[in-house]
Structure formats: structure tokens, C-alpha cells
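Chain by chain, the residues run as shown.
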Amino acid sequence: MSDGFDRAPEQTRPQDSIPLQNSEPAMAKPQVVVAPVLMSKLSANAPEFYPSGYSNYTESYEDGCEDYPTLSEYVQDFLNHLTEQPGSFETEIDQFAETLNGWVTTDDAVQELVELVYQQATSIPNFSYMGARLCNYLSHHLTISSQSGNFRQLLLQRCRTEYELRDQAAKGDEATRKRFHAFVLFLGELYLKLEIKGTNGQVTRADILQAGLRELLNALFSNPVDDNLICAVKLLKLTGSVLEDAWKEKGKTDMEEVIQRIENVVLDAHCSRDVKQMLLKLVELRSSNWGRVHVTSTYREATPENDPNYFMNEPTFYTSDGVPFTAADPDYQEKYQELLEREDFFPDYEENGTDLSGAGDPYLDDIDDEMDPEIEEAYEKFCLESERKQKQ
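Below is a summary of the structure that appears in this document. (Residues numbered from 1 in each chain as written. Predicted model: local features only at pLDDT ≥ 70, side-chain atom pairs only at ≥ 80, totals over all residues. Heavy atoms only, no water.)

**Some thoughts on the packing of helix α9 (residues 207-222) against helix α10 (residues 226-249)**
How we decide: As a rule, the C-alpha atoms of each element are fitted with a line to give its axis, helices using only the stretch in contact, and angles between N-to-C directions run from 0 to 180 degrees. Note on conventions: DSSP H or I runs of at least 4 residues are helices, E runs of at least 2 residues are strands, and numbering of each starts at the N terminus. In a left-handed crossing the near helix is turned counterclockwise from the far helix by less than a right angle, and in a right-handed crossing that turn is clockwise. Any pair of residues with heavy atoms lying within 4.5 Å of one another is described as a contacting pair. Under the grouping applied here, Gly and all other residues not named as nonpolar or charged are polar, the nonpolar ones being Ala, Val, Leu, Ile, Met, Phe, Trp, Tyr, Cys and Pro and the charged ones Asp, Glu, Lys and Arg.
Between α9 and α10, the least distance of the axes is 10 Å, while the angle of their chain directions is 145°. Seen along the crossing, α9 lies across α10 with a hand that is left-handed. Here Gln 210, Leu 213, Arg 214, Leu 217, Leu 220 and Phe 221 of α9 come into contact with α10, specifically with Asn 228, Leu 229, Cys 231, Ala 232, Leu 235, Leu 236, Leu 243, Ala 246 and Trp 247. Grouping the constituent residues of the contact of α9 with α10 by class yields 12 nonpolar, 2 polar and 1 charged.

**Concerning unusual backbone geometry**
Although it is not a glycine, Asn 289 sits at a positive phi angle of roughly 60°. Note on placement: Asn 289 falls in the loop between α12 (273-287) and β3 (317-318).

**Comments concerning the packing of aromatic side chains**
Spelled out, the test is: Paired rings are identified among Phe, Tyr and Trp, the last through its six-membered ring, by centres lying within 6.5 Å, and are further divided according to the angle between planes into stacked (under 30 degrees), edge-to-face (over 60) and tilted (the rest). A simple rule labels every residue: compare its accessible area, found with a 1.4 Å probe on the protein chains alone, to the largest value its type can have, and call it buried under 20%, exposed over 50%, or partly exposed in between. Note on criteria: charge over ring means Lys NZ or Arg CZ within 6 Å of the ring centre, with the direction from the centre no more than 35 degrees off the ring normal.
A complete count under the given rule lists 5 aromatic pairs for this structure. A centroid spacing of 6.2 Å and a plane angle of 80° characterise the contact between Tyr 118 and Phe 186, whose relative ring orientation is edge-to-face. Here the residue Tyr 118 occupies a position in helix α4 (residues 107-123), and Phe 186 occupies one in helix α8 (residues 174-193), the gap between them amounting to 68 residues. Note on Tyr 118: relative accessible area 3%, which makes it buried. On the basis of relative accessible area, Phe 186 is assigned to the buried category, the value being 0%. Taken together, the ring pairs in this structure connect Tyr 74, Phe 78, Phe 96 and Trp 103 into an aromatic cluster. It is Arg 166 that lies over the ring of Tyr 163; its NZ or CZ is 4.2 Å from the centre. Here Arg 205 stacks its cationic end above the ring of Tyr 191, 5.8 Å away from the centre of that ring.

**Quick look at helix α6 (residues 151-163)**
Threshold: What a helix is expected to span follows from its residue count: subtract one and scale by 1.5 Å. Residues adjacent in sequence count toward polar contacts only when both atoms are side-chain atoms; beyond that, a polar contact is any pair of N or O atoms within 3.5 Å, and within protein one must be able to donate a hydrogen and the other to accept it.
Over its 13 residues, α6 runs 18 Å from end to end, which matches the ideal 18 Å to within 8%, given 1.5 Å per residue. Packing partners of the buried residues in α6 comprise α4, α5 (128-141), α7 (166-170), α8 and α9. Where α6 starts, the residue carrying a side-chain oxygen 3.2 Å from the main-chain nitrogen of Arg 152 turns out to be Asn 150.

**Points about the pattern of salt bridges**
To be explicit about the condition: Salt-bridge detection follows one rule: a side-chain nitrogen of Lys or Arg within 4 Å of a carboxyl oxygen of Asp or Glu.
If you walk through the whole model with that rule in mind, you get 14 salt bridges. Between Glu 164 and Arg 160 there is a salt bridge, with the nearest N and O atoms lying 3.3 Å from each other. The partly exposed category is assigned to Glu 164, whose relative accessible area is 47%. In this structure, the salt-bridge partner of Lys 250 is Asp 207, at a minimum N-O distance of 3.6 Å.

Structural data, given as C-alpha cells:
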């Protein structure tokens, strides 16, 4: 006879089946699910993980150059390492130069080293500055000189090969111009970084690079397409102040000629408006001495006691009786406060400048959002000034 609690047995998975100690339903314990144990495939003995593109130059470098089968692989690995970690230059360049002095023992090896550095500096956009620093260091610390010349001489010869193709490159297709622009900017960095020590110990820059940069600017302006003009602007921002100082020391007016060339391009060339604005900003930068500020040590703040013209440009106010007064009057503060109380100069504004009238500024509302009044005004003044110069 059934007691009313008989049920069909439930289907359970083998890992979920738990035997009951007591068959009476009232005494049954809740079922406990036992999770399966997963075996990890990770191992403490696994090789180290390196992200894609990571250079293991440091580890190989510490083990010595014997791990590299060729000079090319050793130098290229170091160049890639500098590209990714430029901050390591100061700590590792000494050991790199020392290794090269023990490895670069033939004319072909020096030529190969020059070509590797040159290609890295002109093919990687962010390496032109570091490449110029590296060239300067190696020019002073490599002990071997080939029959064709030392490292610096061979480097300048390699640059001259590219320099002689400047006119064709400036007029070439987009890819050709892009390679040419990389060379131009590298040469600019090289002009700033490459130091030549004279017989008396004085340090000078390479005059041949100074003359070369002048001709490269001519090539860029002779074909005034946008990317050529942008490259010229970058080069002048980088080297303009140094070039102008060097030309002035020699009594040359080359920078005046360059600026005149830019003004002609702005007036006549069919370049984009953005590029014309870049050129105008460059002319403005040069007119401010390339952004350099010279502060004299004898400067002192003007006061009424030490400057007789202190109040010359001060505005003139009038009392309620029509009597004029300025900041030079002894009772200026009292009269000025009375003027403020009499006149409500800011009727529709709170202290923080919030407009309470609800009306917009009619002058600002009429301005076309796509126009820049300041740029337009500067451009018009520039055109008028240039036309005046041409008539003269």
C-alpha cells in the first residue's frame, strides 16, 4: 500500500548523484553539486612572452655582439631599439660605439654602416632627430677611417647623392616627394646636430649643409604644391633662426630672399587656403625673431617715480561738472569712484559677465562660422603690403 510519497526516480548526471544516508524523505539532505576540476595548461617553465614588434635587443646586447651573425643585423637591431626606446641613447651609445670599433674594420663595413643609419633616418619619420644625434656621436667616436674618408665624410657624400636629385624629386610623384621630404628634414636635423671641431678646438656647423638647405628650399618653392610647401615650413621652423643668424654673420640676406619667395607664393601659387595660412604664420613667426625673447638685465618696472611719461597714455575722465582728471591727479581714486557710482557702465551683466538681457550680440551673430576674421584681416594687410613692395 502506497504511503502517498512514492515518486518516480529523477534522472541525474553521474557527477551530480549523491547517495542518501537515510531513505526517509523527511530526513533527506539537500543535494550538493561538485564542480569539475579543470587542469591549467600554464606552466612556470614557459618561455617569456614578448608583444609583437618588441625588440629583444637589450638581452642580446648584454650577451655580446657574437650573437649576431652579421654587422647589418647588429646595427639594424640597435637602430630599431633606439626607435622604440629613444631614452636609452645616453646609456647604451658608448657600448654600441665600442662594439663598432672592434667590428668595423674595412672600407665596406664603414659604407654599410653609413647606409644603414641613413636609411633608418629617412624612412622612419620619428627617427630623423635621433639619427642626427647618432651620426654626430659616431663621427667623433668611430676610430676607423676608410680610404674614401671617415664616417662623417662618407655620410655627407651619401647625402650629396640624394641632394643632387632635388629638382627631379620635388617635381616627382607623391611617393617620390614623400621620400624627398624625409631627406630634407633629416638634413635639417643633421645641420643642427653635426658638430665639426676645428684645429683650435672650436666647434662649428657644416657650412656645406647650410648651403645645401638653401638650395633645397629653392627646389621646394619652385614646385609649390601643398606637400612641398608644408615641408618648407617644417624645415624653416626647425632651422630658420639658426640659418638666419649664420647668414647675418656672413653679411648675407638669404632669409630676406626666402621670405620674399614665400610672399610671392602666397600671392600667386594655387595652393590650398590652409597652406597659405601656414605660410603667413611662418612670416609672422620670423617677424617676431622666431619666437625668441631677449630680456635685458637692466629692466625695471616703470613707476610714476622713475618714469616721467608714466601717465602720458592714461585715459582722461570728466567729473559731473565737466572737469577733466587723470590717474596723475592726487584725488583720482575719489573722483573715479564717484564716476562709477554716477554711471551704470554694465547694466545687463552680472559680476561674472553673464548676459541678463537675453539678447545675443548682433556683431557676433552676423559672423559666418566658417570665416576667421583675424586671419582674413591679416591676409588682406599682407596682400596690400606685398603689392606696395612690388610697386616700389
